[in-house]
Amino acid sequence: MNQIIILGTGHATVTKCYNTCFIVSNQHDMLLVDAGGGNGIFHQLEQVNIPLRNIHYLFITHTHTDHIFGCVWVVRLVIQMLLQDEYEGSLHIYSHDKGLRALREICEMTLHQEYNDLIGQRILLHELRDGEHFHVGAMDFQAFDIQSDKEKQFGFRWHMDDGRTLVCLGDEPYNPLCRKYVEGADWLMSEAFCLYEDRDIFHPYEKYHSTAKDVGMMAASLHIKNLLLYHTEDHRLATRKMDYTAEATRYFQGNILVPDDLEVISL
């Protein structure tokens, strides 16, 4: 069974939930997508009963602190386990050139030389280019440049064995240049920074983000079947599911999910 295991749902400055990151899995293989802004990633993994030693594939969308700093912690702890013979195999990290360069430079500046010596040996960095496929076990992914004006960022399209597709747009609005990757997706994961009615409070457009209304309209125009909203503010956390679903439903008639941290979604 294919799953999305939601580890965090919040944007960079949330305090009531964790930064956006998640695992996609076919129950044989797992891909961790980003890791949030710190070592809170370990608490989130513990809460869903996934030991770090079981994580062997990591995809980094971009270098913003709320996405990449947790990845540094993952690398650090995996190397620690490697040195103690508590981690089998290698950790494979996929990203574009800037993502890998940033990760490598942060590690070089913050980790012991003994740790850095294992990067390239047991911590394997795989540079992806726009449109390139990569595989996690039997899982087939296609990375693509989301065409951001703010920060180089890759999303991906997961081609599932049964012919369905899941598309992750990263944490910025959909760009029409990515239409071939997104249109008709069975599942679309999209940021929704806030509600449209709260736009004057959170200023999503100035921060290169979308509202639930915007995402609902986009999903309808692209014939998406299932829409998943994440990377939100946390002021409406108690009513977020209801509020965001209600706003997006006005424009999109497909299935809408607004997950909480640690929620597991069967695809």
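Model, not experiment: these values are computed from the prediction.

**Q** Looking at this structure, I do not really get the overall build of the protein chain. What am I missing?
**A** Broken down by element type, the protein chain carries eight helices and 14 strands. In terms of C-alpha radius of gyration, the protein chain reaches 18 Å, essentially the compact-globule figure of 18 Å for 267 residues. On the principal axes, the C-alpha backbone points of the protein chain span a range of 55 × 40 × 35 Å. Long-range contacts, defined as pairs at least 24 residues apart, comprise 63% of the intrachain contacts of the protein chain with a sequence gap of at least 6. A gap of 3 Å separates the mean positions of the 22 positive and 38 negative side-chain charges of the protein chain.

**Q** What am I meant to see in the sheet that holds strand β13 (residues 255–257) here?
**A** What holds strands together in a sheet is hydrogen bonding between their backbones, with the strands either parallel or antiparallel. If you trace the seven strands from one edge of the open sheet to the other, you get β7-β8-β9-β10-β11-β12-β13, paired in mixed fashion. Unpaired on one side and paired on the other, β7 (133–136) and β13 mark the two borders of the sheet. Strand after strand, the sheet turns through a mean of 20° between neighbouring axes, direction not considered. Of the strand pairs in this sheet, strand β8 (residues 139–145) and strand β9 (residues 154–159) are connected by six bridges, and their pairing is antiparallel. Residue pairing for β9: F144 is matched across the bridge by G155. The strands touched by helix α7 (residues 212–221) are β11 (187–191) and β12 (226–230); relative to β12, the strand with the most contacts, the crossing angle is about 155°.

**Q** Hey, could you run me through unusual backbone geometry in this one?
**A** One can expect most non-glycine residues to show negative phi and most peptide bonds to be in trans. Phi is positive for N49, which is not a glycine, with a value near 60°. With respect to the helices and strands, the residue N49 is situated in the loop between α1 (40–47) and β4 (57–59). We note that H223 has phi near 60°; this positive angle belongs to a residue other than glycine. Residue position: H223 is located in the loop between α7 and β12.

**Q** Looking at this model, I keep getting lost on the pairing of β9. Mind explaining?
**A** Note on strand geometry: in a regular strand, side chains alternate between the two faces of the sheet. With five of six residues buried, β9 is to be regarded as a mostly interior element. Relative to strand β10 (residues 165–168), β9 runs antiparallel, the two sharing four bridges. Looking at β10, one finds that W158 is bridged to L166.

**Q** Please explain helix α2 (residues 65–83) as it appears in this structure.
**A** An α-helix turns once per 3.6 residues; consequently, residues spaced three or four apart project the same way. For α2, spanning 19 residues, the distance from its first C-alpha to its last is 27 Å, which sits close to the expected 27 Å at 1.5 Å a residue. Burial in α2 covers these residues: D66, H67, I68, G70, C71, V72, V74, V75, V78, I79, M81 and L82. Phi turns positive one or two residues past the end of α2, at D85, with a value near 55°.

**Q** When you look at the sheet that holds β4 in this model, what are you seeing that I'm missing?
**A** One open sheet holds the seven strands; their spatial order is β6-β5-β4-β3-β2-β1-β14, and the pairing between them is mixed. Across the chains shown, the open sheet's two edge strands, defined by having one partner strand only, are β6 (123–127) and β14 (264–266). Between one strand and the next, the sheet's axes are offset by a mean angle of 20°, whatever the strand orientation. Where strand β1 (residues 3–8) meets β14, three bridges bridge the pair, whose relative direction is antiparallel. Across the sheet, residue I5 finds its bridge partner in β14, namely V264. Its contacts with the sheet put α1 on β1, β2 (21–25) and β3 (30–33), and the angle it makes with β1 is roughly 135°.

**Q** Sorry, what's going on with the confidence of the model for the protein chain here?
**A** Caution applies to low-pLDDT parts of the model: their predicted coordinates are not meant to be read in detail. On average, residues of the protein chain score 97 in pLDDT, and 100% of them are at 70 or above. When pLDDT is averaged over each element of the protein chain, β4 comes out on top at 99 and helix α4 (residues 113–116) at the bottom at 96.

**Q** Where do I start with the side chain of H209 in this structure?
**A** As for its placement among the helices and strands, H209 is situated in the loop between α6 (199–202) and α7. Exposure remark for H209: the relative accessible area of 8% places this residue in the buried category. The residues contacting H209, other than those within four sequence positions of it, are K150, D171, E172, P173, E191, F193, P204 and H231.

**Q** I tried to follow the pattern of salt bridges on my own but got confused; where do I start?
**A** One pass over the full model with this rule turns up twelve salt bridges. In this structure, K152 and D97 form a salt bridge, with 2.6 Å as the shortest nitrogen-oxygen distance. Here K152, found in the loop between β8 and β9, pairs with D97, found in helix α3 (residues 97–110); they are 55 residues apart in sequence, far enough to count as distant. The exposure class of D97 is partly exposed, given its relative accessible area of 32%. The salt bridge partner of R236 is D198, with a shortest N-O separation of 2.6 Å. Of the two residues, R236 is situated in the loop between β12 and α8 (240–249) and D198 in the loop between β11 and α6; the sequence distance between them amounts to 38 residues. Its relative accessible area of 22% is what places R236 among the partly exposed residues.

Rules used in this analysis
Residues numbered from 1 in each chain as written. Predicted model: local features only at pLDDT ≥ 70, side-chain atom pairs only at ≥ 80, totals over all residues. Heavy atoms only, no water. Helix = DSSP H or I, 4+ residues; strand = E, 2+ residues; numbered from the N terminus. Rg over C-alpha atoms; globule rule 2.2 N^0.38 Å. Contact = heavy atoms within 4.5 Å. Lys, Arg positive; Asp, Glu negative; His and termini not counted. Charge placed at Lys NZ, Arg CZ, Asp CG, Glu CD. Pairing = 2+ DSSP bridges. Axes fitted to C-alpha atoms, helices over the stretch in contact; angles between N-to-C directions. Buried < 20%, exposed > 50% of the residue type's maximum accessible area, 1.4 Å probe, protein only. Expected span 1.5 Å × (residues − 1). pLDDT = per-residue confidence, 0-100. Salt bridge = Lys/Arg side-chain N within 4 Å of Asp/Glu carboxyl O.

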